[in-house]
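# Tertiary structure, described
This is what each chain is made of:
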Amino acid sequence: MTKLDRRAVLLSLAQGGCALATLGMGCGGEWRQAEVLDLPPDGVCPGAPSPGSAEEGWVEVRLSDHPGLEIPGGHAPVRMPEALLDVVLVHARPGCYVALWRICTHGDCPVDWLPREGVMECPCHGSRFALDGAVLQGPARRPLKTFTAVRQQGSVFILRPR
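Residues numbered from 1 in each chain as written. Predicted model: local features only at pLDDT ≥ 70, side-chain atom pairs only at ≥ 80, totals over all residues. Heavy atoms only, no water.

Moving on to the nonpolar core. Counting 17 residues, the largest nonpolar core has L85, L89 and I158 as the members making the most contacts within it. Looking at this core, the elements with two or more residues in it are β1 (58-62), β2 (75-80), β3 (85-93), β4 (96-101) and β11 (155-159). Counting 13 residues, the second-largest nonpolar core is a separate cluster that includes V90, L100, C104 and W113. (Core = buried A, V, L, I, M, F, W, Y, C linked by side-chain atoms within 4.5 Å. Buried < 20%, exposed > 50% of the residue type's maximum accessible area, 1.4 Å probe, protein only. Helix = DSSP H or I, 4+ residues; strand = E, 2+ residues; numbered from the N terminus.)

And the structure:
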């Protein structure tokens, strides 16, 4: 198929899709205002729990110590041996944070966050993990442990049950 043929096919598909949408719910007919979603208040992710005390396992990570976490897409390794915590903290979307265990479940190598690809990768054997810890590519078979992470004012609190 040539480029011209592809364009014609795609144009026909688009016109047909618009015609079908017109029959059902409209396509280009009535003007509708786009709905703009507000950012979470005070940087809190919707549905996030309120952090508790250190005795309950909540560990405070000050954003002033990790300024890259202020912006969505930012990430930082957080190592706190006194709290048995070794994670990569990722600012996944405005106000929402994810903490993933930093050690690969395959060979005990420290994994790295690849922001452009949105995955954790083990440099030792190439295992890759999704933001929810799921294995995307082996040889690892077990997911990375994830921890609840909640922003409150100038800190992110990570729940590290003991």
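Turning our eyes to something else, we now look at the state of the cysteines. Joining two cysteines, a disulfide is a covalent bond between their sulfur atoms. Considering all chains together, one arrives at 1 disulfide under this definition. Between the sulfur atoms of C109 and its disulfide mate C124 the distance is 2.0 Å. Across the S-S bond of C109 and C124 the torsion is about -105°, and the bridge reads as left-handed. With a gap of 15 residues between them, C109 in the loop between β4 and β5 (112-114) and C124 in the loop between β6 (119-121) and β7 (128-129) connect regions that are remote in the sequence. Here C104 is not cross-linked by a disulfide; its sulfur's nearest cysteine counterpart is in C122, at 3.9 Å. (Disulfide = S-S within 2.5 Å.)

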